[in-house]
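These are the residues of each chain, in order.
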Amino acid sequence: MAHQFSSGSWSWSNWAASATSRPTDVVLPRSDADVAALLARATAEGRRVKVVGAAHSFTDIAATDGTLVSLDAMQGLEHVEAATGEVTLRGGTRISAVAALLAPSGLALPNMGDIDRQSLAGALATATHGTGLAFTGFPGLVTRMRLALPDGSIVTCSATERPELFQAARVGLGAIGVVLAATLRCVPAFRLRAVEAPEPLEGMVESFVERSAANDHLEFYWFPHTGTALAKTNTRLAADAPLHPIGPLSRLVDDELLGNGAFSLMCAAGARLPAAIPPLNRFAAKTLAARDYTDESHRVFVTARRVRFREMEYSLPLEAFAEVFGELRSAIEGYREPISFPVEVRTSAADDTWMGTSSGRRSVYFAVHRYARQPHQEFLEHVERVFTAQGGRPHWGKLHSRDADYLVGAYPGFGRFTAVRDGIDPTGTLLNPYLRRVLGA
């Protein structure tokens with residue numbers, strides 16, 4: 001039976017505190033039937049419902065003044081198909097739990113982002129991705145889904161069973177039913193060798209596209225107001241490759257004390273005295289240590305993020321990388337205030353989703369951050385012009401100002417998506433102001 005309680009004066013907030021809302025009540029369903037009954041009742045009564053996972057989206061995609069539904073009680077592994085490597089997980093399953101769930105079967109996720117706090121349903125809804133030109137984001141791995149629709153029905157869909165619904169739900173934005181379970185194509189477990197090293201920014205920009213094609217996983221961070229990039233190259237190894245993990249001292253000093261503790265202090269100092277940011281960034285770039293280590297894949301993909309920030313990320317065609325990065329660098333360094341947070345650059349393979357940010361094209365992603373204690377809107381709108389001038393696609397879970405008039409031109413499948421949404425939720429049970437803006441619903 002679902003647990004339900006009135007929110008009273010309680011206010012919901014996401015991880016970054018960039019979105020808040022006051023739901024009328026909060027429901028914790030425990031079964032598919034609980035979710036279906038909740039949706040049917042809400043639709044009949046004209047109430048709004050939104051599902052939330054780990055609240056790691058920076059936008060208000062999950063905000064609601066209606067019923068807030070948490071899938072935290074609907075986690076875990078349902079089925080493993082050993083012959084194909086397909087794995088069915090419940091929608092509320094945290095990405096951070098998947099490695100342990102798959103380990104007994106000798107399987108792993110093919111790729112991961114650098115944050116693993118999300119729920120599976122949330123990762124699909126917002127097209128979460130990692131880096132690597134041979135690998136799609138999470139929606140590209142999905143072969144089958146089980147959904148609860150606003151009318152209270154429970155349906156399954158795939159490329160051959162209700163294919164239009166399947167295509168819409170793979171990146172559903174929380175608007176195409178509630179994801180009860182999803183089947184993903186996984187791979188035999190593997191290890192990763194990670195090489196992290198600072199290098200001159202100009203050389204990275206010149207070689208990035210070529211190196212991205214030659215390596216399994218490449219990303220880099222650029223520290224504004226410096227000429228330094230921190231490159232991270234991950235190479236896939238066999239599951240029995242020798243382990244050389246980060247030692248406890250290095251993890252404490254490099255990741256916790258420098259990567260989080262000292263960086264937090266630098267951001268706080270820069271917020272109080274912006275003129276100090278360029279020299280602080282140059283100091284940080286000079287102290288970056290090169291590292292070479294090998295570990296289980298999920299331990300290498302994921303990085304601890306303890307300093308709060310707000311983020312914008314846009315996807316653009318891979319061939320536009322050099323031009324867009326040059327314009328982005330000029331926009332950041334020409335902004336009226338220095339910027340402390342690094343810019344992150346990653347890539348992804350094309351997929352065939354309708355609303356995925358790499359739909360139909362190999363993509364490069366530019367992620368721009370702003371320290372949470374500093375105003376972010378003006379700065380992000382300033383750099384957003386660089387991305388929109390090139391027809392960029394905003395990450396659905398990260399801050400942007402785009403609406404349906406813009407997005408219909410960015411996504412060839414936009415019209416088909418909205419047609420499915422209109423058909424399965426004509427009364428807008430699953431809508432909120434964010435979805436009305438981006439979908440024109």
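Everything numeric here is computed off the predicted structure, so don't read it as measured data.

Would you mind going over the overall build of the protein with me for this structure?
Counting secondary structure elements, the protein contains 13 helices and 21 strands. Over its C-alpha atoms the protein spans a radius of gyration of 21 Å, differing by no more than 12% from the 22 Å that the globule rule assigns to 441 residues. Considered along the principal axes of its C-alpha atoms, the protein spans approximately 60 × 50 × 40 Å. Each of the 441 residues in the protein was classed as buried or not, and the buried ones make up 58%. As displayed, the protein offers around 17,300 Å² of accessible surface, 55% of which is attributable to carbon and sulfur atoms. Side chains of the protein give 44 positive and 46 negative charges; the mean places of these two sets differ by 4 Å.

Hey, could you run me through the packing of aromatic side chains in this one?
Centre distance and the angle of the planes are the two values used to describe a pair of aromatic rings. Inspection of the entire model under this criterion finds 16 aromatic pairs. Among the aromatic residues, ring-to-ring pairing joins Phe208, Phe220, Trp222, Tyr314, Phe321, Phe325, Phe366 and Phe387 into one connected group. Over the ring of Phe190 we find Arg236, and its NZ or CZ is 3.9 Å from the ring centre.

What is the right way to look at the sheet that holds strand S18 (residues 309-317) in this model?
Hydrogen bonds along the backbone pair up the strands of a sheet, which may run parallel or antiparallel. In space, the 8 strands of this open sheet follow the order S17-S14-S16-S15-S19-S20-S18-S21, with antiparallel pairing throughout. Each having just a single partner strand, strand S17 (291-296) and strand S21 (393-394) make up the two edges of the open sheet. Of the strand pairs in this sheet, S18 and strand S20 (residues 363-371) are connected by 9 bridges, and their pairing is antiparallel. When the bridges of S20 are listed, Pro317 appears paired with Ser363.

Explain the layout of surface pockets to me, please; I cannot follow it from the model alone.
Empty space among the atoms becomes apparent when a probe as large as a water molecule is rolled across them. Considered as a void within the structure, the second largest pocket measures approximately 310 Å³ in volume. As for the second largest pocket, its lining consists of 16 residues, and the residues nearest its centre are His376, Gln377, Leu399, His400 and Arg437. Taken together, the elements giving at least two residues each to the lining of the second largest pocket come down to helix H10 (377-388) and helix H13 (433-439). Considering each element in turn, the lining of the second largest pocket owes the most residues, 4 residues, to H10. Looking at side-chain class alone, the lining of the second largest pocket contains 6 nonpolar, 6 polar and 4 charged residues.

What is the right way to read the side chain of Ser21 from this model?
Counting through the fold element by element, Ser21 comes out in strand S3 (residues 20-21). When near neighbours in sequence (up to four residues on either side) are disregarded, Ser21 contacts Ser11, Trp12, Ala63 and Thr64.

Quick question: what am I supposed to make of empty space enclosed by the protein here?
This model, assessed by the stated rule, comprises 4 cavities of 30 Å³ or more. If you add up the space inside the largest cavity, you get close to 60 Å³. Lining the largest cavity are Asn111, Met112, Gly113, Asp114, Gly130, Thr131, Glu219, Asn234, Phe301 and Arg346. Residue classes in the lining of the largest cavity are distributed as 2 nonpolar, 5 polar and 3 charged. Looking at the second largest cavity, its volume works out to about 50 Å³. Along the walls of the second largest cavity sit Ala127, Thr128, His129, Gly137, Pro139, Ser348, Asp351, Gly356, Thr357, Ser358 and Tyr365, which together make up its complete lining. The residue inventory of the lining of the second largest cavity, partitioned by class, reads 3 nonpolar, 7 polar and 1 charged.

Explanation requested: the nonpolar core in the structure shown.
Within soluble globular proteins, side chains that are nonpolar generally end up buried alongside one another. Counting residues in each nonpolar core, the largest one holds 73 residues, and the members touching the most others are Met145, Leu147, Leu173, Met355, Trp396, Leu435 and Leu439. When residues no more than four places from it in sequence are discounted, the contact partners of Leu435 are Lys50, Ile61, Leu173, Gly174, Ala175, Leu430 and Gly440.

Where do I start with the packing of helix H9 (residues 321-333) against H10 in this structure?
Each pair of packed helices gets described by two things: the angle between the helix axes and the distance between those axes. Interhelical geometry of H9 versus H10 gives an angle of 155° and a closest axis separation of 9 Å. When the axis of H9 is compared with that of H10, the two are roughly antiparallel. Pair H9 / H10 crosses with right-handed handedness. On the side of H9, the interface is formed by Val324, Glu327, Leu328, Ala331 and Ile332, while H10 contributes Phe379, His382, Val383, Val386 and Phe387.

The rules behind these values
- Residues numbered from 1 in each chain as written.
- Predicted model: local features only at pLDDT ≥ 70, side-chain atom pairs only at ≥ 80, totals over all residues.
- Heavy atoms only, no water.
- Helix = DSSP H or I, 4+ residues; strand = E, 2+ residues; numbered from the N terminus.
- Rg over C-alpha atoms; globule rule 2.2 N^0.38 Å.
- Buried < 20%, exposed > 50% of the residue type's maximum accessible area, 1.4 Å probe, protein only.
- Areas by Shrake-Rupley, 256 points an atom, 1.4 Å probe, with all protein chains shown as cover.
- Lys, Arg positive; Asp, Glu negative; His and termini not counted.
- Charge placed at Lys NZ, Arg CZ, Asp CG, Glu CD.
- Phe/Tyr/Trp six-rings, centres within 6.5 Å; stacked < 30°, edge-to-face > 60°.
- Lys NZ or Arg CZ within 6 Å of the ring centre and 35° of its normal.
- Pairing = 2+ DSSP bridges.
- 1 Å grid on protein atoms, 1.4 Å probe; cavity = no way out; pocket = protein on both sides within 12 Å on 5 of 7 lines; lining within 4 Å.
- Points joined across faces, edges and corners; volume = space filled by probe spheres on them.
- Nonpolar A, V, L, I, M, F, W, Y, C, P; charged D, E, K, R; others polar.
- Contact = heavy atoms within 4.5 Å.
- Core = buried A, V, L, I, M, F, W, Y, C linked by side-chain atoms within 4.5 Å.
- Axes fitted to C-alpha atoms, helices over the stretch in contact; angles between N-to-C directions.
- Parallel < 35°, antiparallel > 145°, perpendicular 65-115°, else oblique.
- Left-handed = near helix turned anticlockwise from the far one by under 90°.

Shape is all these values report; function is a separate question.
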